[in-house]
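Spelled out from the first residue to the last, the chains are:
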Amino acid sequence: MSSQPQDPRRYWAFISYSHHDSHAAIRLHRRLEAYRVPRHLVGRSTASGAVPKRLQPIFRDRDELPSSAELGGVIRQALSESRHLIVICSPSAAASRWVDEEIRLFKAMGGGDRILALIVDGEPHAADPSRECFPPALLESEPIAADLRKSGDGPFLARMKLLAGLLGLGLDELVRRERRRQREQSLIRGGVLAVFALLIVVAMTVQRRDFDQREQLEYRRQLVEHGRRELLAESPMRAAVYLAEAYRRGEDSLALRYMLQRAMQPIDALRQVLNSNGVPWRSFLTEDDALLTVVGQDGWIDVWSLEQGRRLAHIEDAAIAARNFVKREEPALSHDRRLLSVAVVNSKTLQGHRTVWSIQDQRRLLDVAVDPFDPASVQPFGPDGELLAIAPGGKPRLWSIADGAFRSIDVDGEVTLSTFDRSGRWMAFGKRSGEVELRSRQPGGRSLRLRGLSRPVVLMVFDDDSGRLLAAGEDGSVRGWTLPNGELVFASGHSQQVTFLDFSRDRERFLTAAADGLRIWRSRDGSLLYSGASPDSKPFSLGPDGAQFAQIVPGGAQVVDVQTNESLLRLEGNILNVLLSNRGRQLLTVNASGQIARWRADQRPLGQRWHGDRPESSRVFWRNSVDFALLPDGRIVSGGLDGRPRIWRGSALEPLASLDPLGDAISRVSASADGERVAVSTISGVIEVWNPQTQERLRRFELPGRFISNLRLSPDGRHLFAADRGNTGHLWNVDSGEHRAQYVMDSRFALDISGDSRWLAIPVQRRTLVIDLLTLESRLEEPLVGDAEESPEIGCLRFAPDGRALVAMASESDEVGWISLHSPQRYHMHLPDAGGCFAAKFSPDGQRILLLDQARTSAAIWEPAQGRIGDLAGHTKSVFDADWSPDGRFLVTGGSDGQIKLWDAQSLLLIDDIGSHMGAISTISFSPDGRTLYSSGVDDGRLQAWPFGLENRTAGEIAGRVNCVSPWTLENNALLPKSVDLQRCLEP
């Protein structure tokens, strides 16, 4: 590139225009200065000089100087410093004196060949003077003219002509270069737009994905919440559908996994399915759980072997199939299980029939007319192939099944009901008068007349083991007599006719049911153990020990704990019949589709034990409370009202040992951290320390007449502290047996020993007193608030897991304090609605504290460092005890309402009602491995073990199982009923 001397002229161009064309001048000015010369042309030498990158500056006069008679000095100076003159031509410019003067002046300065014209309106050399666009000075010469009008060059070419003239370049080259640049710029703009569009699409996709993720997250949370609520409403099969869907969609948390395994328990309980050929009506199970007999609504009778899973007999009985029956009894099997008997009564003719069938070849062996008012016989078969029934007219007969011959039995009065006992030694006849007559079948046997009922007898049942007979009258009264002396030992019943009467298999309890409710009684003394609502239909089944019963409920069936009225197993679907197995571990259901299903029924609780009655030597009243301590190897040591410490193993509470009784009810149990020592106290002041492994008694301490309310064995097992009901605390050295100290405490319930067994904390004179257990010197004496005189008495104390801090709660106010033992750091707060503490427990990491107060129905969670307080609201009465899971992710609470509740420690949401006790909860605790929950009651004398676990199967496995067993499906966010084929659920 050749160098040229720099042009002294300042402006590339001077724009001359009429005021009327100012808008065109402004646009031209901006476009010329904004124009970027193609880079390949920059620097080229032309007649106008070196081609610049930009044409800057360009002078544009902003005024027409109307007050001046001639061009001003500024204009003249600008014209002299401009390389070119651009005249915007229009009729207005042609009439403008000043435009013409600027042209003439520029010509006079030697620029006549550097004048460029831009036509914006009018015509050059127009015939009509009013349309002339060239000023007179331009008409004298022919300048380069660019026509901006669409009829002329148009905007692009007009601009190119001006630029070519200004730069001294050829128009074609400039246009070609500009076109190329425009194409390149178009490509660049297109690429930029494409990239921008792509970025927009990506941003919208990301935004949409984020929205979808938030929407999915919210939907999953809704599913979990629906599942949680269904679980709390005792609808686990409904809960499983919601929770499984949330799990399938990617939701995963420990709380969800717990709720899933809880909801899956009834679904996983399915063990066997048998398919009958029609809709069932009644079912009956033999005492050894071997044979199941089902009577169908269409008259068929099936006998199944549960062990073999096959049908032994199928019988069609037209009498049973008749739709005009009024009464049909449950089938009865003979003692050798070869014969089956069933009776029906026709509603139109009021004729009764009893038939006997051979199970082996399905032959009808006997068909006899019976009294229509003989509703049922518990056992119509005698031991010698005889059938006992009531002939028309209320006369009992014995039929020979072999030949149909009968023998009348002479009984005074009209008989309404007859039955054998299980052994066949006794025949019982219930009469319309309410009298029950017993006939012994032994040679020289006697007869008994049992009185106590005043209305016709409708139900009778024998207890062969203890020699008892129960009978129910038409008016709902129930009476019980001992045999063979006929002594009346039970007199109670219902206000309406009893429809069900039976003993538990161990004969310890019996169940009665009527329209006014279902009741369970203790056989030995007739005390009422349970009273609850009775469904309209009859199907009940009492467990072998009378501790549970099964019943039909709206929408399904359930197994209920008699003592607590707690639902232990809840099934859903169109279930018509329920039977608890006589071994108590299975539930048989028969649904409307004719499917017979066998389910596990022993999942909740895993184990339960009762501690017996108060020793006869006890002179102190004490509730039937149980306390326990968990050992690290999984054993449990408990004590209760009977005064005998017991050792159990595992969640099944398998009995391992029963230690020597202490002579009175046990009040507290405490264990060392290694489980090598266990301390047990009584309500009369006896304290013993045992080695649970060897069952050796190591020490015995006595405080005669002192009720031991609190007991704590140090983690290392060397120190023992006991507080009696008089708020006196005693400290012993377990190794030497030395009584080391005695303290007058503000509260017997406020004491703790640090995890390293170094410090003892007790409340003395409104101060928290921390004592060195080695030297008995005080490490800390600090009131809860202000000075000791103003501070409230302390009711609860608890060390943090690391022993470096402790929490103190007031006994009769809302004050709570956190105290560091190694720094001056303190936290303090007022617990809302508090009035007296029960307990305080640190989380495993020591960051949160669980606070229990007798005036509150909710437990509180305090985070001292963050100043946060949360509530676990769900109990109806105060919370007695609580515990953290070993990992700190869950909380369990036990209340005065007898309820055991589980909470998510992160969200503080209630996720399960675990179970209950009759009366308040005494103690509740997670096992060391976190797999079992143990609880004991204040009033029911029971120790119970509850399963605790997390679901570990894949989402696909869970969904498949739920879809197969649960009678519910999720469609359009709504739970809808569906039919299920349970047989398919057990296919490999």
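Here the structure is a predicted model, which means the values were calculated and not measured. (Residues numbered from 1 in each chain as written. Predicted model: local features only at pLDDT ≥ 70, side-chain atom pairs only at ≥ 80, totals over all residues. Heavy atoms only, no water.)

Chemist: When you look at the pairing of strand β52 (residues 739–744) in this model, what are you seeing that I'm missing?
Modeler: In the case of a regular strand, side chains alternate between the two sheet surfaces. Taken together, the 5 bridges between strand β51 (residues 728–733) and β52 define a ladder with antiparallel strand orientation. What sits directly across from Leu731, in β52, is Ala741. (Pairing = 2+ DSSP bridges. Helix = DSSP H or I, 4+ residues; strand = E, 2+ residues; numbered from the N terminus.)

Chemist: Please clarify how the state of the cysteines should be interpreted in this entry.
Modeler: Should the sulfur atoms of two cysteines be covalently bonded, the bond is a disulfide. Across all of its chains, the model carries 2 disulfides by this definition. Two residues share a disulfide in this structure: Cys796 and Cys837, whose sulfurs sit 2.1 Å from each other. Handedness here is read from the sign of the S-S torsion; for Cys796 and Cys837, about 105 degrees, the answer is right-handed. Here the residue Cys796 occupies a position in strand β57 (residues 794–799), and Cys837 occupies one in strand β61 (residues 837–842), the gap between them amounting to 41 residues. Residue classification places Cys796 among the buried positions, given a relative accessible area of 3%. Taking relative accessible area as the criterion, Cys837 reaches 11% and is therefore assigned buried. A disulfide bridge connects Cys964 with Cys985, and the sulfur atoms are separated by 1.9 Å. With the S-S bond torsion at -110 degrees, the cross-link from Cys964 to Cys985 turns out left-handed. (Disulfide = S-S within 2.5 Å. Buried < 20%, exposed > 50% of the residue type's maximum accessible area, 1.4 Å probe, protein only.)

Chemist: Explain the nonpolar core here, please?
Modeler: Nonpolar side chains tend toward joint burial in soluble globular proteins. Counting 58 residues, the largest nonpolar core has Leu587, Trp599, Leu902 and Val965 as its most contacted members. Sequence-distant contacts of Val965, defined by excluding residues within four places in its chain, comprise Met237, Ile267, Leu270, Trp599, Val980, Leu982 and Cys985. By size, the runner-up hydrophobic cluster in this structure holds 29 residues, among which are Leu41, Leu116, Leu166 and Val175. (Core = buried A, V, L, I, M, F, W, Y, C linked by side-chain atoms within 4.5 Å. Contact = heavy atoms within 4.5 Å.)

Chemist: Please explain a nonpolar patch on the surface as it appears in this structure.
Modeler: On the surface, Leu198, Val201, Val202 and Val206 cluster together to form a nonpolar patch covering roughly 320 Å² of accessible area. Along the chain, the position of Leu198 falls in helix α7 (residues 171–232). Classification of Leu198 by relative accessible area gives exposed; the value is 53%. (Patch = residues over 30% accessible without salt bridge, like charges linked within 9 Å, V, L, I, M, F, W, Y side chains within 5 Å. Areas by Shrake-Rupley, 256 points an atom, 1.4 Å probe, with all protein chains shown as cover. Salt bridge = Lys/Arg side-chain N within 4 Å of Asp/Glu carboxyl O.)

Chemist: It is not clear to me how the packing of helix α8 (residues 236–248) against helix α9 (residues 254–268) should be interpreted in this structure. Could you clarify?
Modeler: Think of two packed helices as two axes; the pair is described by the angle between the axes and how far apart they sit. At a minimum axis separation of 8 Å, α8 and α9 run at an interaxial angle of 135 degrees. One way to sum up the angle between α8 and α9 is to call them oblique. The crossing of α8 and α9 is left-handed. Judged by residue contacts, Pro236, Met237, Ala239, Ala240, Leu243, Ala244 and Tyr247 of α8 engage Leu256, Arg257, Met259, Leu260, Ala263, Met264, Pro266 and Ile267 from α9. (Axes fitted to C-alpha atoms, helices over the stretch in contact; angles between N-to-C directions. Parallel < 35°, antiparallel > 145°, perpendicular 65-115°, else oblique. Left-handed = near helix turned anticlockwise from the far one by under 90°.)

Chemist: What's the story with the environment of Ile900 in this structure? I'm lost.
Modeler: Position of Ile900 among the secondary structure elements: in strand β67 (residues 899–904). Separated by 782 residues in sequence, Ile900 and Leu118 have C-alpha atoms that sit 96 Å apart. Residues contacting Ile900, with those up to four places away along its chain left out, are Val892, Thr893, Asp912, Asp913, Ile914, Gly915, Ser916, His917, Ile921, Ile924, Ser935 and Trp946.

Chemist: Got a minute to help me understand the packing of aromatic side chains in this structure?
Modeler: For any pair of aromatic rings, geometry is given as the distance between the ring centres together with the angle between the planes. A complete count under the given rule lists 17 aromatic pairs for this structure. Taking 4.9 Å as the distance between ring centres and 75 degrees as the angle between the ring planes, the aromatic pair formed by Phe838 and Phe880 counts as edge-to-face. Of this pair, Phe838 sits in strand β61 while Phe880 sits in strand β65 (residues 879–884), and the two are 42 residues apart along the sequence. Feature note: the residues Tyr258, Phe890, Phe926 and Phe948 constitute an aromatic cluster, connected by ring pairs. The ring centre of Phe707 lies 3.7 Å from the NZ or CZ of Arg725, which sits over that ring. (Phe/Tyr/Trp six-rings, centres within 6.5 Å; stacked < 30°, edge-to-face > 60°. Lys NZ or Arg CZ within 6 Å of the ring centre and 35° of its normal.)

Chemist: Teacher, can you tell me more about helix α11 (residues 955–965) here?
Modeler: Two residues of an α-helix separated by three or four positions point the same way, owing to the 3.6 residues in each turn. Taken residue by residue, α11 has Ala955, Ile958, Arg961, Val962, Cys964 and Val965 as its buried positions. Those residues of α11 that are buried are in contact with α8, α9, β8 (270–275), β39 (595–600) and α12 (982–985).

Chemist: Got a minute to help me understand the sheet that holds strand β37 (residues 575–580) in this structure?
Modeler: Across a sheet, strands are paired by hydrogen bonds formed along the backbone, either parallel or antiparallel in direction. Judged by pairing direction, the sheet is antiparallel, and its 4 strands sit side by side in the order β8-β39-β38-β37 without closing on themselves. Where the open sheet ends on each side, the last strands, each with one partner, are β8 and β37. Strand-to-strand twist of the sheet, defined as the mean angle between neighbouring strand axes without regard to direction, takes the value 20 degrees.

Chemist: How should the UniProt feature "transmembrane region" (unreviewed entry) in the protein be read in this particular structure?
Modeler: With numbering aligned to this structure, UniProt lists the feature "transmembrane region" (unreviewed entry) at residues 186–206. Between the end C-alpha atoms of residues 186–206 there is a gap of 29 Å, over a span that is 100% helix and 0% strand. (UniProt positions renumbered as here; feature names shortened; annotations may be inferred.)

Chemist: Help me understand the domain arrangement of the protein in this model?
Modeler: Interfaces are often sized by the accessible area lost when the parts come together. On domain assignment, one finds that the protein holds domain 1 (11–169), domain 2 (752–837 + 844–850) and domain 3 (874–944). Between domain 2 and domain 3, the C-alpha centre-to-centre distance is 25 Å. With 4 residues of domain 2 in contact, the opposing surface of domain 3 contributes 10 residues. Approximately 500 Å² of surface area, both sides summed, lies buried where domain 2 meets domain 3, with 67% of it carried by carbon and sulfur atoms. (Domains from an automatic or database assignment. Buried area = accessible area lost by both parts, 1.4 Å probe.)

Chemist: Looking at this model, I keep getting lost on the pattern of salt bridges. Mind explaining?
Modeler: Per the stated rule, a full pass over the model turns up 53 salt bridges. A salt bridge links Glu245 to Arg249; the shortest N-O distance between them is 2.8 Å. For Glu245, a relative accessible area of 17% corresponds to the buried category. Using a relative accessible area of 30% as the deciding quantity, one classes Arg249 as partly exposed. Residues joined in a network through salt bridges with shared partners are Asp412, Lys431, Glu435, Glu437, Arg439, Arg449 and Arg451.

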